[in-house]
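# Close look at the chain arrangement
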Amino acid sequence: MDNNPARLSGLWLPLITPFNDGALDEVSLRRLLRHYAAEPIDGLILAATSGEGLALDESETERLVSITAEELGDRRESLPVYLGLSGSATRKVAQMLQRTDGWPLDGYLIACPSYIRPSQEGLLQHFTALAGATARPILIYNIPYRTGVNLENAAMLRLAAFSNIVGLKDCSANPAQSFDLLRRRPKDFAVLTGEDALFYSALAQGADGGITMSAHIEPRAFADVRNKLRAGDQAAALSDWYGLSHLPELLFAEPSPAPVKHWLWRMGLIDSPELRLPMTGISEALAQRIDRTIETRALAKTA
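Note that the structure is predicted; figures quoted are calculated from it, not measured. (Residues numbered from 1 in each chain as written. Predicted model: local features only at pLDDT ≥ 70, side-chain atom pairs only at ≥ 80, totals over all residues. Heavy atoms only, no water.)

## Describing the confidence of the model for the chain
Per-residue confidence for the chain gives a mean pLDDT of 96, with 98% of residues at or over 70. Counted against residues more than four places away or in other chains, residues 1-5, with its pLDDT under 50, gives 10 contacts. (pLDDT = per-residue confidence, 0-100. Contact = heavy atoms within 4.5 Å.)

Below, the structure written as structure tokens:
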């Protein structure tokens, strides 16, 4: 892929990582990749939050990336693959970038440092160092309710001047901050919402797309919302969103990605809804809600 691509956009899927009996489930992974490669998605994120990246060994992450490249084959020309990275020590994250330099990837999604709560100057220097440690594109992931620190727009706009800091996954949970960034960002700097429940409203305000875990369930419907907004048909997009907006509520009713793994297991796309501790499976009550929803949606499609 070009290290200076046109602005990223569209529907990106933060792919879950399937496990079975404690190991990476390569059979289910290949099944997932074949399934989603045939859907209207614009990019994949591996080993991010939804992919339980922090629970993976480096050898497992490398295998995850390798299998993805094998399964996608020539499709990778139009379906970029980014790897999720995170860490609280700049030096260690830079070393991760160097170790993965030869992997078949198109870029990185890198979260702000967690727990230590650096200053804005610290965040600026952190991402400046990381931009210098790789030639690949970097999407910054700002999610203060997980990391404990918010990358404010003043620092973000300075980082946007780097040629390989190409965009932001925005989970700031601050509508004013998000709108201000959309208004002030450089022309080629992408803003992708990471808040599934705000997918429609973020796009309506000018976001380029979304990194949307809920799209595991209805990728074509999520893509249709985005395409209708781009075509100027806001009424149709909103009507479609009314039919989708319950999905994020259901799939985030308990810690993610447990609910979506249960759903994908029920769909037969993965052989087990297994997670790795400290993540645990969903409650029986939520399992019943999801099962009823699957049944209702299946009946509606055949009616």
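## Some words on the packing of helix 1 (residues 26-37) against helix 2 (residues 58-72)
Contact pair helix 1 / helix 2: the axes reach a minimum separation of 10 Å and the direction vectors enclose 45 degrees. Here helix 2 runs oblique to helix 1, going by the angle between their axes. Of the two possible hands of crossing, helix 1 and helix 2 adopt the one that is right-handed. The residues of helix 2 that touch helix 1, namely those facing E26, L29, R30, L33, R34 and A37, are R63, L64, I67, T68, E70, E71 and L72. Here the contact of helix 1 with helix 2 is built from residues that sort into six nonpolar, one polar and six charged. (Axes fitted to C-alpha atoms, helices over the stretch in contact; angles between N-to-C directions. Helix = DSSP H or I, 4+ residues; strand = E, 2+ residues; numbered from the N terminus. Parallel < 35°, antiparallel > 145°, perpendicular 65-115°, else oblique. Left-handed = near helix turned anticlockwise from the far one by under 90°. Nonpolar A, V, L, I, M, F, W, Y, C, P; charged D, E, K, R; others polar.)

## So, the packing of helix 3 (residues 90-99) against helix 4 (residues 120-133)
In contact at an axis separation of 9 Å, helix 3 and helix 4 are set at 20 degrees when each is read in the N-to-C sense. Considering the angle they form, helix 3 stands roughly parallel to helix 4. The way helix 3 lies across helix 4 gives a crossing that is right-handed. Contacts between helix 3 and helix 4 involve T90, V93, A94, L97 and Q98 from the first element and H126, A129, L130 and A133 from the second. Split into classes, the residues belonging to the contact of helix 3 with helix 4 amount to six nonpolar, three polar and no charged.

## Some remarks on the sheet that holds strand 1 (residues 10-14)
With respect to topology, eight strands assemble into a closed barrel ordered 1-4-5-6-7-8-9-10, the strand pairing being parallel. Between one strand axis and the next, the sheet turns by 25 degrees as a mean value, whatever way the strands run. Pairing analysis gives four bridges linking strand 8 (residues 165-170) to strand 9 (residues 190-193), with the strands arranged parallel. Paired with G167 across the strands is A190, a residue of strand 9. (Pairing = 2+ DSSP bridges.)

## A few points about the pattern of salt bridges
Opposite charge on two side chains allows them to pair when their charged atoms are near. Summed over all chains, the structure comprises 19 salt bridges. The closest approach of N and O atoms between D180 and R184, which form a salt bridge, is 3.0 Å. In this pair, D180 and R184 are both assigned in helix 7 (residues 175-184), four residues apart and thus about one turn of the helix distant. For D180, a relative accessible area of 17% corresponds to the buried category. Taking relative accessible area as the criterion, R184 reaches 43% and is therefore assigned partly exposed. Its salt-bridge partner being R185, residue D208 comes within 2.4 Å of it at the nearest N-O pair. Here R185 lies in the loop between helix 7 and strand 9 and D208 lies in the loop between helix 8 (199-204) and strand 10 (209-211), a separation of 23 residues in the sequence. Across the pair, exposure class does not vary: D208 and R185 are buried alike. (Salt bridge = Lys/Arg side-chain N within 4 Å of Asp/Glu carboxyl O. Buried < 20%, exposed > 50% of the residue type's maximum accessible area, 1.4 Å probe, protein only.)

## Looking at the packing of aromatic side chains
In this structure the tally under the stated criterion is four aromatic pairs. Arranged with centres 5.4 Å apart and planes meeting at 70 degrees, the rings of F199 and F222 form a pair that is edge-to-face. On the criterion of sequence distance, the pair formed by F199 in helix 8 and F222 in helix 9 (residues 219-230) is long-range, its members being 23 residues apart. For the pair F222 and W241, a centre-to-centre distance of 5.9 Å together with 75 degrees between the ring planes defines the contact as edge-to-face. Remark: W241 occurs in helix 10 (residues 234-244) and F222 occurs in helix 9; sequence separation between them is 19 residues. Look at F222 and you get buried, because its relative accessible area is 0%. (Phe/Tyr/Trp six-rings, centres within 6.5 Å; stacked < 30°, edge-to-face > 60°.)

## Let's talk about the nonpolar core
The nonpolar side chains of a soluble globular protein tend to be buried with one another. L83, I110, I140, M156 and L264 are the most contacted members of the largest nonpolar core, which has 78 residues in total. Per-element accounting of this core gives the leading share, five residues, to helix 4. Those residues in contact with L264 that lie beyond four places of it in its chain are I16, L32, Y36, H216, I217, L269 and I270. Formed by 15 residues, the second largest nonpolar core is a distinct cluster that contains I45, A48, Y82 and C171. (Core = buried A, V, L, I, M, F, W, Y, C linked by side-chain atoms within 4.5 Å.)

## A few points about unusual backbone geometry
In this structure, P257 follows S256 across a cis peptide bond, with omega equal to 10 degrees. Checked against the element boundaries, P257 lands in the loop between helix 11 (246-251) and helix 12 (258-267). P278 follows L277 through a cis peptide bond whose omega is 15 degrees. By secondary structure assignment, the location of P278 is in the loop between helix 12 and helix 13 (284-302).

## Concerning the side chain of T147
Tracing the backbone through its elements, the reader meets T147 in helix 5 (residues 144-147). Using a relative accessible area of 5% as the deciding quantity, one classes T147 as buried. Within the structure, T147 has its side chain in polar contact with the backbone oxygen of V149 (distance 3.1 Å). Ignoring anything within four residues of it in the chain, the contact list for T147 reads C112, P113, S114 and Y115. (Polar contact = N/O pair within 3.5 Å; in protein donor to acceptor, adjacent residues only side chain to side chain.)

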